[in-house]
Amino acid sequence: MEIFLRNVKFKYILSCIFVTFMITCFISIAPMSIEECKCNKLEENEAEPHLIQKVARKHNKHNLAILVPYRDRFEELLIFAPHMKKFLDKQEINYHIFILNQIDRYRFNRASLINVGFLEVKDQYDYVAMHDVDLLPMNDGLKYSYPEKGAFHISSPELHPKYHYATFVGGILLINRRHFVQVNGMSNKYWGWGLEDDEFYVRLKEAKINVTRPMNISTGVHDTFRHIHDRLHRKRDTVKCFDQREVTRKRDRETGLNNVSYKLEKAVHASIENASITILNISLMCDKSSTPWCSCDSATTVDKKLVDKKT
């Protein structure tokens, strides 16, 4: 009996020694696992500064404000905003889309809206894209990079689906802050549709600011851009009243960025299919002693018959 108890005791002691040994081994191994985990986290943390630097480098570059003159084009806007986000996110640029929504009772004035948009964003953005809401770039070779040496006309006559004359600078035009100020922005006399971009071309030419256009684009007039304007559903305001026709055929040396008259009613931040935009609700002011054609309602019947033959 005594021998039996002695054996049990011996086995118990051996078991205790074995358990103690196993616990000691586990404890000795555990810190290694913890340290290994810490190393993994450290490696992840060391990678984060690279991401931060990449973002910082991007934000230290130039900032683009896309200025979109706008009125009653909601269907086009629903297509435009997500398309531009998808298109521009592929390019290493900082950009934001500003919808310049004219809410006053006067006729549409694309040039004045661009002047207003520029004044509102110029402190944060050093170049702008004067961009039609119904013109969508389709070729990734069209770059919205900073135009250092002059204006960059993306929708060139060789590529635009509709306008092909040599002095055309409408549709999509990039220009830096310094050059836009140099030419005093755009004329404020163009109420209704047309000719404001032609007058702007003359301003650029007189200031000796070069206009360059995309090179080596493999697509042409039919597949470089998508033009989503429905001319039957969205008729252009081409009426000419008073002496509008004669005045707007001349170079405007009186109005521009320095004297555009407006009130910014409200700025609204919105999102369309994850595309962030800012809507600027703008009321333009009209000096009828200078441009009575900002509203043709008061024109005589004879004046109202002065409609552009191109319509």
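Everything numeric here is computed off the predicted structure, so don't read it as measured data.

Some remarks on helix α5 (residues 196-206)
At step 1: Here α5 has its buried residues at Glu196, Asp197, Glu199, Phe200, Arg203 and Leu204. Looking straight down α5, one finds its buried side chains confined to an arc of 155°; they lie on one side.
At step 2: Next to the buried residues of α5 lie α3 (110-121), β3 (127-131), β5 (150-153), β6 (172-176), α4 (177-182) and β7 (210-212).
At step 3: Lysine 208, located one to two residues past α5, shows a positive phi value of around 60°.

Focus: the packing of aromatic side chains
At step 1: Tallied over the full model, the rule gives eight aromatic pairs.
At step 2: Centre to centre, the rings of phenylalanine 118 and phenylalanine 180 are 4.6 Å apart; their planes meet at 40°, and the pair counts as tilted. With phenylalanine 118 in helix α3 and phenylalanine 180 in helix α4, this pair connects stretches of sequence that are 62 residues apart.
At step 3: Phenylalanine 180 gets classed as buried once you look at its relative accessible area, which sits at 0%.
At step 4: For the ring pair tyrosine 165 and phenylalanine 168, a centre distance of 5.6 Å and an interplane angle of 65° mean the geometry is edge-to-face.
At step 5: On the accessibility criterion, tyrosine 165 (33% relative accessible area) is partly exposed.
At step 6: Connected via pairs of aromatic rings, a cluster forms that spans Phe118, Phe180 and Phe200.

Regarding a nonpolar patch on the surface
At step 1: There is a patch of nonpolar side chains on the surface, built from Phe74, Leu78 and Ile79 and spanning about 250 Å² of accessible area.
At step 2: With respect to the secondary-structure elements, phenylalanine 74 resides in helix α2 (residues 74-88).

Some remarks on the sheet that holds β5
At step 1: The strand order across the open sheet formed by eight strands is β7-β5-β6-β3-β1-β2-β10-β9, and the pairing between neighbours is mixed. Because the sheet does not close on itself, it has two edges, and the strands there are β7 and β9 (262-272). On average, each strand axis in the sheet is inclined to that of its neighbour by 25°, with strand direction left out of account.
At step 2: Of the strand pairs in this sheet, strand β1 (residues 63-70) and β3 are connected by four bridges, and their pairing is parallel. Across the sheet, the residue bridging to isoleucine 66 is alanine 129, located in β3.
At step 3: Packing of α3 onto the sheet brings it into contact with β1, β2 (94-102), β3, β9 and β10 (275-284), and relative to β1 it is tilted by some 145°.
At step 4: Against the sheet, α5 contacts β3, β5, β6 and β7, and its axis sits at roughly 35° relative to β6.

Side note on the side chain of histidine 131
At step 1: In this structure, histidine 131 sits in strand β3.
At step 2: A distance of 2.9 Å separates the side chain of histidine 131 from the side chain of tyrosine 144, its partner in a polar contact.
At step 3: Excluding its chain neighbours within four sequence positions, the residues that come into contact with histidine 131 are Ile66, Leu67, Val68, Pro69, Phe80, Met84, Pro137, Tyr144, Gly171 and Ile172.

A short note on the nonpolar core
At step 1: Ranked by size, the top nonpolar core spans 36 residues in total, and within it Leu67, Phe98, Met130, Phe180, Phe200 and Leu204 carry the most contacts.
At step 2: Take this core: its biggest share by element is six residues, from α3.
At step 3: Contacts of methionine 130, omitting those with residues within four sequence positions, involve Leu67, Arg110, Ile114, Gly171, Ile172, Leu173, Ile175, Phe180, Met186 and Phe200.
At step 4: Counting residues in each nonpolar core, the second largest holds 32 residues, with Leu135, Leu136, Ile172 and Ile228 among its members.

Some details on the pairing of β2
At step 1: Among the nine residues in β2, eight count as buried, and that is most of the element.
At step 2: Sheet topology places β1 next to β2; eight bridges connect them, and they run parallel. Pairing of tyrosine 70 across the sheet is with asparagine 101, part of β2.
At step 3: With respect to chirality, the unit in which β1 leads through α2 into the neighbouring parallel β2 is right-handed.

As for the pairing of β6
At step 1: A large share of β6 lies buried, amounting to five of its five residues.
At step 2: Alternating residues of β6 divide into Ile172, Leu174 and Asn176 and Leu173 and Ile175, and every residue in both groups is buried.
At step 3: Looking at chain direction, β3 and β6 are connected through five bridges and run antiparallel. Counted as the bridge partner of alanine 129 is leucine 174 from β6.

Examining the state of the cysteines
At step 1: As enumerated under the stated definition, the model contains two disulfides in all.
At step 2: A disulfide bridge connects cysteine 241 with cysteine 296, and the sulfur atoms are separated by 2.0 Å. Taking the sign of the S-S torsion, -80° for the link of cysteine 241 and cysteine 296, the bridge is left-handed. Highlighted residues: cysteine 241 in the loop between β8 (225-227) and α6 (244-247) and cysteine 296 in the loop between β10 and α7 (301-304), separated in sequence by 55 residues.
At step 3: A residue is classified by how much of its surface remains accessible, and cysteine 241, at 0% relative accessible area, is buried.
At step 4: Between cysteine 286 and cysteine 294 runs a disulfide, and the two sulfur atoms are separated by 2.0 Å. Sign of the S-S torsion, about -90° for the bond between cysteine 286 and cysteine 294, identifies this disulfide as left-handed. As far as the burial class goes, cysteine 286 and cysteine 294 line up, both buried.

Rules used in this analysis
Here the residue numbers are simple positions, counted from 1 along each chain's written sequence. A pLDDT threshold of at least 70 governs which residues receive local features in this predicted model, and a stricter bar of 80 or more applies before side-chain atom pairs are shown or counted, although totals over entire chains, interfaces and linings include all residues. Excluded from the side-chain calculation are hydrogens and water; included are all heavy atoms of the structure. Relative accessibility decides the category of a residue: with a 1.4 Å probe and only protein chains considered, values under 20% of the type maximum give buried, values over 50% give exposed, and everything between is partly exposed. By definition, any uninterrupted DSSP run of H or I lasting at least four residues is a helix, any uninterrupted run of E lasting at least two residues is a strand, and each is numbered from the N terminus. Think of the arc as the fan of directions from the helix axis to the C-beta atoms. Whether two residues are in contact is decided by their heavy atoms, any of which lying within 4.5 Å being enough. The criterion for an aromatic pair is that two Phe, Tyr or Trp rings (for Trp, the six-membered ring) have centres within 6.5 Å, with stacked assigned to planes under 30 degrees apart, edge-to-face to planes over 60 apart and tilted to the rest. Residues enter patches when they are more than 30% accessible in relative terms and free of salt bridges; like-charged ones are connected within 9 Å and nonpolar ones (Val, Leu, Ile, Met, Phe, Trp, Tyr) within 5 Å. Computed with a 1.4 Å probe, the accessible areas rest on the Shrake-Rupley method; for each residue, only the protein chains presented here act as cover. Think of a salt bridge as a Lys or Arg side-chain nitrogen and an Asp or Glu carboxyl oxygen that are within 4 Å of each other. Two strands pair if DSSP finds at least two bridges between them. Interaxial angle, 0 to 180 degrees, is taken between N-to-C directions of lines fitted to C-alpha atoms, where a helix line uses only the stretch in contact. Identification of polar contacts relies on pairs of N or O atoms within 3.5 Å, with a donor-acceptor requirement for protein atoms, meaning one able to donate a hydrogen and the other able to accept it, and with residues adjacent in sequence counted only if both atoms are side-chain atoms. Nonpolar cores were defined as sets of buried Ala, Val, Leu, Ile, Met, Phe, Trp, Tyr and Cys residues, with membership established by side-chain atoms within 4.5 Å. By definition, the crossover connecting two strands over a helix is right-handed if that path, from the first strand to the second, turns clockwise as seen with the strands pointing away from the viewer. Two cysteine sulfurs form what is called a disulfide whenever their separation falls within 2.5 Å.

That's the geometry; what it means functionally is another story.
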